[in-house]
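Structural characterization, general
In case you want the letters, here they are:
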Amino acid sequence: MKKLSEEEITKKLKEFPGWEYKDAAIERTYKFSNFKEAFSTMTRIAFECEAQNHHPDWSNVYNSLNIRLNTHDVGGITNNDFELAKSIENIVNNK
């Protein structure tokens with residue numbers, strides 16, 4: 001697993017509107033109509049995370065879900081983070 005350079009991260013982020021590079025992670029906050037929608041989306045994301053064996057740092061307050069991705073083993077961002085971000089986008093956009 002190769003740690004991506006800041007240049008590589010910046011280039012890849014162009015394919016992920018709403019995601020940003022911050023404090024050695026890629027991050028995005030989603031807003032939902034209510035807690036139930038936020039939590040049910042988190043549940044779907046959790047199954048995908050388990051399938052990919054890659055788990056986010058995340059938090060949920062009412063209708064807001066914040067997700068931070070990085071690869072702890074390399075101390076930065078890898079392609080695995082972008083693969084999970086892509087899966088998360090698919091889940092959120094196909095409610």
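Here's what I pulled together on the structure shown here. (Residues numbered from 1 in each chain as written. Predicted model: local features only at pLDDT ≥ 70, side-chain atom pairs only at ≥ 80, totals over all residues. Heavy atoms only, no water.)

**Observations regarding the nonpolar core**
The biggest cluster of nonpolar side chains holds 22 residues, and the ones touching the most others in it are Trp19, Ile26, Ile45, Ile67, Leu69, Phe82 and Ile88. Elements that contribute at least two residues to this core include exactly α1 (6-13), β2 (25-31), α2 (35-52), β4 (64-69) and α3 (79-93). No other element matches α3, which puts six residues into this core. Those residues in contact with isoleucine 67, other than ones at most four positions away along the chain, are Trp19, Ile26, Glu27, Arg28, Tyr30, Ile45, Pro56, Asp57, Trp58 and Ile88. (Core = buried A, V, L, I, M, F, W, Y, C linked by side-chain atoms within 4.5 Å. Buried < 20%, exposed > 50% of the residue type's maximum accessible area, 1.4 Å probe, protein only. Helix = DSSP H or I, 4+ residues; strand = E, 2+ residues; numbered from the N terminus. Contact = heavy atoms within 4.5 Å.)

**A short note on the sheet that holds β4**
Read from one edge of the open sheet, four strands run β1-β2-β4-β3, paired in antiparallel fashion. With partners counted over all chains shown, the strands left at the sheet margins are β1 (20-22) and β3 (57-61), one partner each. Across the sheet, the mean angle from the axis of one strand to that of its neighbour is 25°, orientation sign disregarded. Inspection of the sheet shows β1 paired to β2 by three bridges, in the antiparallel sense. Counted as the bridge partner of lysine 22 is alanine 25 from β2. Each of β1 and β2 touches α1; the most contacted strand, β1, lies at about 150° to it. The strands touched by α3 within the sheet are β2 and β4, with β2 carrying the most contacts at an inclination of about 10°. (Pairing = 2+ DSSP bridges. Axes fitted to C-alpha atoms, helices over the stretch in contact; angles between N-to-C directions.)

**What to know about the pairing of β3**
Judged from the five bridges that link them, β3 and β4 form a sheet pairing that is antiparallel. Bridge pairing in β4 places aspartate 57 opposite arginine 68. Hairpin remark: β3 followed by β4, antiparallel, with two residues in the connecting loop; positive phi at tyrosine 62, about 50°.

**Section: the packing of α2 against α3**
At their nearest, the axes of α2 and α3 sit 10 Å apart, and the two run at 145° to each other. α2 and α3 meet at a crossing whose hand is right-handed. Between α2 and α3, the residues in contact are Thr41, Arg44, Ile45, Glu48, Cys49 and Gln52 and Asn80, Glu83, Leu84, Ser87, Ile88, Ile91 and Val92, respectively. For the contact of α2 with α3, a count of residues per class yields six nonpolar, four polar and three charged. (Left-handed = near helix turned anticlockwise from the far one by under 90°. Nonpolar A, V, L, I, M, F, W, Y, C, P; charged D, E, K, R; others polar.)

**What to know about the packing of aromatic side chains**
One pass over the structure, following the stated rule, counts four aromatic pairs. For the ring pair tryptophan 19 and tyrosine 30, a centre distance of 6.5 Å and an interplane angle of 80° mean the geometry is edge-to-face. With a gap of 11 residues between them, tryptophan 19 in the loop between α1 and β1 and tyrosine 30 in strand β2 connect regions that are remote in the sequence. For the pair tryptophan 19 and tyrosine 30, a shared accessibility class is recorded, and that class is buried. An aromatic cluster of at least three residues, connected via ring pairs, comprises Trp19, Tyr30 and Phe32. Over the ring of phenylalanine 82 we find lysine 12; its NZ or CZ atom is 5.7 Å from the centre of that ring. (Phe/Tyr/Trp six-rings, centres within 6.5 Å; stacked < 30°, edge-to-face > 60°. Lys NZ or Arg CZ within 6 Å of the ring centre and 35° of its normal.)

Without other data, these values stay purely geometric and don't point to any function.
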